[in-house]
Amino acid sequence: MLQNINPFYSSLSLSALILFPLLGGLFVSFITESKIRTIRIVGLCTSFITFLYSLFFWLEFDNSTPKFQFVETIQWLPYSNINFVLGLDGISLFFVILTTFLVPICLLVGWSSIQKSKKEYIIAFLVLESLMIAVFCMLDLLLFYVFFESVLIPMFIIIGVWGSRQRKIQAAYQFFLYTLFGSLFMLLAILLIFFQTGTTDLQILLTTEFSERRQILLWIAFFASFAVKVPMVPVHIWLPEAHVEAPTAGSVILAGILLKLGTYGFLRFSIPMFPEATLYFTPFIYTLSVIAIIYTSLTTIRQIDLKKIIAYSSVAHMNFVTIGMFSLNMQGIEGSILLMLSHGLVSSALFLCVGALYDRHKTRLVRYYGGLAQTMPIFSVIFLFFTLANMSLPGTSSFIGEFLILVGAFQRNTLIATLAALGMILGAAYSLWLYNRVVFGNFQPNFINKFSDLNRREVFIFLPFILGVIWMGVYPEVFLESMHTSVSNLIQHGKFY
Amino acid sequence: MFDNDFIALLPEMFLINATILLLIYGVVYSTVHKVFEPLVRNVAWLGFSSILITLILLRGSPLTTANLCYNNLIIDNFTYFFKVGLLLSTACIILMSLQYFQQEALTAFESIVLMLMSTCSMLLMISAYDLIAMYLAIELQSLSFYVIAASKRNSEFSTEAGLKYFILGAFSSGILLFGCSMIYGFTGVTNLEELAKIFTAPYVLRPLSDSVMLNSADASWSGVFMGILFIAVGFLFKITAVPFHMWAPDVYEGSPTYVTAFFSIAPKIAIFANMLRVFIYSFYDPTWQQLFVFCSIASMVLGAFAALSQNKVKRLLAYSSIGHVGYLLIGFSCGTIEGIQSLLIGLFIYVLMTINIFAIVLALRKNRFKYISDLGALAKTNPILAITISITMFSYAGIPPLAGFCSKFYLFFAALGCGAYLLAFIGILTSVISCFYYIRFVKIMYFDTPKTWILYKPMDREKSILLGITLLGITFFFLNPSPLFLVTHQMALSLCI
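The rules behind these values
- Residues numbered from 1 in each chain as written.
- Chains lettered and ligands numbered in written order.
- Predicted model: local features only at pLDDT ≥ 70, side-chain atom pairs only at ≥ 80, totals over all residues.
- Heavy atoms only, no water.
- Helix = DSSP H or I, 4+ residues; strand = E, 2+ residues; numbered from the N terminus.
- Buried < 20%, exposed > 50% of the residue type's maximum accessible area, 1.4 Å probe, protein only.
- Contact = heavy atoms within 4.5 Å.
- Areas by Shrake-Rupley, 256 points an atom, 1.4 Å probe, with all protein chains shown as cover.
- Patch = residues over 30% accessible without salt bridge, like charges linked within 9 Å, V, L, I, M, F, W, Y side chains within 5 Å.
- Salt bridge = Lys/Arg side-chain N within 4 Å of Asp/Glu carboxyl O.
- Phe/Tyr/Trp six-rings, centres within 6.5 Å; stacked < 30°, edge-to-face > 60°.
- Lys NZ or Arg CZ within 6 Å of the ring centre and 35° of its normal.
- Axes fitted to C-alpha atoms, helices over the stretch in contact; angles between N-to-C directions.
- Parallel < 35°, antiparallel > 145°, perpendicular 65-115°, else oblique.
- Left-handed = near helix turned anticlockwise from the far one by under 90°.
- Nonpolar A, V, L, I, M, F, W, Y, C, P; charged D, E, K, R; others polar.
- Core = buried A, V, L, I, M, F, W, Y, C linked by side-chain atoms within 4.5 Å.
- Polar contact = N/O pair within 3.5 Å; in protein donor to acceptor, adjacent residues only side chain to side chain.
- pLDDT = per-residue confidence, 0-100.
- Expected span 1.5 Å × (residues − 1).
- Buried area = accessible area lost by both parts, 1.4 Å probe.

**Student:** Can you tell me about the overall build of chain A, naming the residues and giving the values?
**Tutor:** Secondary structure assignment for chain A yields 20 helices and two strands. When each of the 497 residues of chain A is scored for burial, the buried share is 65%. Pairs at least 24 residues apart make up 81% of the contacts formed inside chain A by residues separated by at least 6 positions. A total accessible area of about 17,400 Å² is found for chain A, and carbon and sulfur atoms account for 66% of it.

**Student:** Requested: an account of a nonpolar patch on the surface, with residues and values cited.
**Tutor:** Among the surface-exposed residues, Ile16(B), Ile20(B), Leu21(B), Ile24(B), Val28(B), Tyr29(B) and Val32(B) lie close enough to one another that they form a single nonpolar patch of about 600 Å² accessible area. Relative to the elements of secondary structure, Val32(B) occurs in helix 2 (residues 10-32).

**Student:** So, the packing of aromatic side chains: which residues are in play, and what are the values?
**Tutor:** Under the defined criterion, the tally for this structure stands at 89 aromatic pairs over all chains. Arranged with centres 6.1 Å apart and planes meeting at 40°, the rings of Trp58(A) and Trp471(A) form a pair that is tilted. Separated by 413 residues along the polypeptide, Trp58(A) in helix 2 (residues 36-59) and Trp471(A) in helix 19 (residues 456-474) bring together distant segments of the chain. Consider the rings of Tyr25(B) and Tyr29(B), whose centres lie 4.9 Å apart with planes at 50°: the pair is tilted. With Tyr25(B) and Tyr29(B) both in helix 2, this residue pair falls four residues apart, about one helical turn. When the ring centre of Phe148(A) is taken as origin, the NZ or CZ atom of Lys229(A), which lies over that ring, is 4.4 Å away. In this structure, Lys408(B) packs its charged tip against the face of Tyr327(B), placed 4.3 Å from the ring centre.

**Student:** Can you break down the pattern of salt bridges residue by residue, with the values?
**Tutor:** When charged atoms on two side chains of opposite charge get close, those side chains can pair. A full pass over the atoms with the stated rule returns 12 salt bridges over all chains. When the shortest N-O distance is used, the salt bridge between Arg364(A) and Asp305(A) registers 3.5 Å. Here Asp305(A) lies in the loop between helix 12 (275-302) and helix 13 (306-325) and Arg364(A) lies in the loop between helix 14 (330-361) and helix 15 (372-375), a separation of 59 residues in the sequence. With relative accessibility at 8%, the residue Asp305(A) sits in the buried group. Between Arg277(B) and Asp76(B) there is a salt bridge, and its shortest N-O distance comes to 3.4 Å. Of this pair, Arg277(B) sits in helix 12 (residues 257-282) while Asp76(B) sits in the loop between strand 2 (73-75) and helix 4 (77-104); the two residues are 201 residues apart in sequence, bridging distant segments of the chain. For Arg277(B), a relative accessible area of 2% translates into the label buried.

**Student:** Please set out the packing of helix 12 of chain A against helix 18 (residues 414-439) of chain A residue by residue, giving values where relevant.
**Tutor:** All names here are of chain A. Relative orientation of the contacting elements helix 12 and helix 18 amounts to 20°, with a least axis distance of 9 Å. The angle between the axes of helix 12 and helix 18 places the two elements in the roughly parallel class. Pair helix 12 / helix 18 crosses with left-handed handedness. Facing Tyr-286, Val-290, Ile-293, Ile-294, Ser-297, Leu-298, Thr-300 and Ile-301 of helix 12, the residues of helix 18 in contact are Ile-416, Leu-419, Ala-420, Leu-422, Gly-423, Leu-426, Ala-429, Tyr-430 and Trp-433. For the contact of helix 12 with helix 18, a count of residues per class yields 14 nonpolar, three polar and no charged.

**Student:** Outline the nonpolar core, listing residues and values.
**Tutor:** Grouped together as the largest cluster of nonpolar side chains are 378 residues, with contacts concentrated most on Phe222(A), Met275(B), Phe279(B) and Leu329(B). With 18 residues, helix 12 of chain B is the largest single contributor of residues to this core. The contact partners of Phe222(A), leaving out residues within four places of it in the chain, are Leu141(A), Met186(A), Ala189(A), Ile190(A), Ile193(A), Phe269(A), Ser270(A), Met273(A) and Phe274(A). Membership of the second largest hydrophobic core comes to six residues, among which are Ala8(B), Leu9(B), Ala66(B) and Leu68(B).

**Student:** Describe the environment of Asn42(B), naming the residues involved and giving the relevant values.
**Tutor:** Residue and element names in this part refer to chain B. Its location among the elements puts Asn-42 in helix 3 (residues 39-59). Along the chain, Asn-42 and Val-487 lie 445 residues apart, while their C-alpha atoms are 35 Å from each other. Looking at Asn-42, its side chain comes within polar contact range of the side chain of Tyr-25, at 3.1 Å.

**Student:** How would you summarise the confidence of the model for chain B if you had to cite specific residues and measurements?
**Tutor:** Residues and elements named next belong to chain B. Across chain B, the average pLDDT comes to 87, with 94% of residues at 70 or higher. Here residues 209-216 is modelled with pLDDT under 50, and outside its nearest four sequence neighbours on either side it reaches three contacts, counting other chains as well. Both scores are available for the predicted complex, with the pTM at 0.88 and the ipTM at 0.82.

**Student:** Could you give an account of helix 14 (residues 313-334) of chain B, with specific residues and numbers?
**Tutor:** Residue and element names in this part refer to chain B. Its 22 residues place the ends of helix 14 32 Å apart at the C-alpha level, agreeing with the 32 Å of an ideal helix rising 1.5 Å per residue. Burial analysis of helix 14 places 22 of its 22 residues in the buried class, which makes it a mostly covered element. Of the residues flanking the end of helix 14, it is Gly-335, one or two places downstream, whose phi is positive at about 80°.

**Student:** How would you summarise the side chain of Ser397(A) if you had to cite specific residues and measurements?
**Tutor:** Residues and elements named next belong to chain A. Secondary-structure assignment places Ser-397 in helix 17 (residues 397-412). Here Ser-342 takes part through its side chain, which lies 3.1 Å from a polar atom of the side chain of Ser-397. Not counting the four nearest positions on each side in its chain, Ser-397 is found in contact with Ser-342, Val-469, Met-472 and Gly-473.

**Student:** Lay out the interface of chain B and chain A in plain terms, naming residues and giving numbers.
**Tutor:** Listed per partner, the contact involves 34 residues of chain B and 34 residues of chain A. Between chain B and chain A lies a buried interface of about 3,400 Å² when both sides are counted; carbon and sulfur atoms form 89% of it. Broken down residue by residue, the surface that chain B buries against chain A is led by Phe409(B), Phe447(B) and Phe478(B), which jointly contribute 19%. On the surface where chain B and chain A come into contact, there are three residue pairs in polar contact (both at pLDDT 80 or more). Within the residue set of the side of chain B that touches chain A, elements represented by two or more residues are helix 18 (403-417), helix 19 (421-447) and helix 21 (482-496) of chain B.

Spelled out as structure tokens, the structure:
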């Protein structure tokens, strides 16, 4: 049935990485809900072991080759040449590590704040982790699509069951239907590719050249799906809704990983397979991204809900990423990947901060908060750090990402780079204003008069994020060196120079 | 010339004999005692066993390909797998209905006998190789159905359903017969093989010479086309395709639930088998393709939109099965081998999902599962059943990685492969729309709070086994789809050659 038709020549196995959280979830589902502590510990250990295992992939990664590493092929439909092809290269390596890094954090966040269906919470996140790792490892187009879509189901359940208020149902519906609609066009495009070339294996498809007309059609279909996930204006509406209504851990995963699926899809599939169409549509993407950055940054300034502010700033950052990606040079693409990783850390940490506030006071409106520096000092410091990181302060990881993106974009189109930099200024505006209103200033004793600072569990949750952001900001070469060969191979392949 | 007939028809003959014997058994024992309580259960279990024995006889038949009864019946790979599917689904339905008889304290064992009789006729219908044999089998099946649709004698709904089904069904059978007679009138043969020889020749020989056209039949001859049209109308009525679907919601809703399950599953299998043989084997021509394209589009659109406003479960399932027939007709109207294969895969997966959902409807009967909102808060009272319903609904909607997605993907692939881009496009649009009401089930179970307290009565063992097996099939079909793909490929090849 599941036969490996290539012997793997490395001792690390990607299929084991994908299956391990799933097995953990299965194991947990047999433990009764009364032993909730056991369930939580087992879930946490499973996700932590997966994280450590993924670090081994980084250790054994060979920086000098752009070829796919740790490749495994498992048969699916032998007569149609569609197989599970798993592999990592410089682009996807760090997304896998980001995924396995964020899921233990999510489980820790839900340790005491989730009160109903505690066991299902753990199972949902472990299943989601499996599916997300599978998305990033999959080198077969159709199966990538399958896993790309199947993350919708656990996410729908997470938003709907553990969300905070009644609007969550609408948000879950919107999230589901928006994403599904876009991706069905991608399904048609994949089937068209399969019919034309007879295979959906990416390694083979990278060598096929489609005609320019066909490329444009297929690119548009892929764009329909990825644009909803990025999200680009005007299909970005689901993001603020979904983020606001999701539980804290749901927002962390949504911002940390699920937004990256769209841009990863662009990077892995759209740009290498359809180079001429990419060049054709680059001005279109630039326009949409710049509009998105400026529009969402301006909208953010008007928001009154803490989570919505961070959600909109996520949209702005992801559109920065697309600007960098479609500049199609080394700095642009590497900057975009680094910004994606950094955004995964910074946005998730900001959502964790907001989650900490929500756990204590059960409100997310900025009006009700004030003067937190006097009563929650540790929280204020951590919140300041991540606000500055969100603004791309030099020394933090997002600065490196945005700087590289601006360098890359400037080489292509100075106007776009200028407008994007304007977006950075607006980003500073809303971030600082938010921080001032919440942390500095006077108390709001009419609304909140009992305070408690972060406890030890929460501080330990934030520490890895702080470490990651500083490390990536001060010495990013450790991360960039694994990306160099893959990215330059991408650029050479598409003849984008 | 008779030796092979008896050997080859042994399964059908056994089933007919078993039916008659069960009838006699039932009659005798229903008059022996005043009220013989276990009579219906006995008859049902004996009926189930006789179907299994028929299956074994079919499996062990020494003949794999034969023309029987003076070319009236045929057995080959195509009919073999279809009969296996039909017998298994009938066995599952009888298993599902056992608890129904017990709950209703029915003493009418005739329903089982009529179900077995219609199964015999459907077996003959699948093997039919002549228009007359086909019509006789269809009539016997329909007559049995008319009776069991009205079998709930204390319900006006049921009587109305039976009456509607009878009148409309008799009318459509008349149209079918008229079409057969027109074909006979214009060509002089009723055997499907002879018709194939007549109709395929000009299609192949047309480029060669003009004089050939004058002498041979062509499906675009007005008389022949009328005949084909009438036959198509008769068939489309039976499988509840638009615009001949009006009877379906009322009949499905009014009949007793186990009869509705039988209606949704068994005739579709048999009639599709017959349609494939008649239209793709005998009347292979692009003229009638347009008719089926129109019906497919209309069915998909109606199935998506009409179910949005339904409140009652059985009506919603009726409309969803109309929509599904639309998807199956996509594969049918392609006319290529992939088209037939995709239809067969879609049909088998549809049967799997429908058995699942009807088992659930029957299981929840005692808690009054008439309206969809009766499912409220099922996630709290019966979490495993809630997960089962969610997975089945997601599979109906075509979400990866469940079985429904595999069937839809292959259907769209076949449509794109033969150039029916419009079909695939409308297919994906209606998929998204229908997704809305499928997710509504999940929403009601997980996110709604009911107004009254729901009591839960456990379901019997047979239904649990059925639900378990079908749920396993739906969830894990994705991991190993090749056996079904290979089987259906075999079937498609043996149909065309």
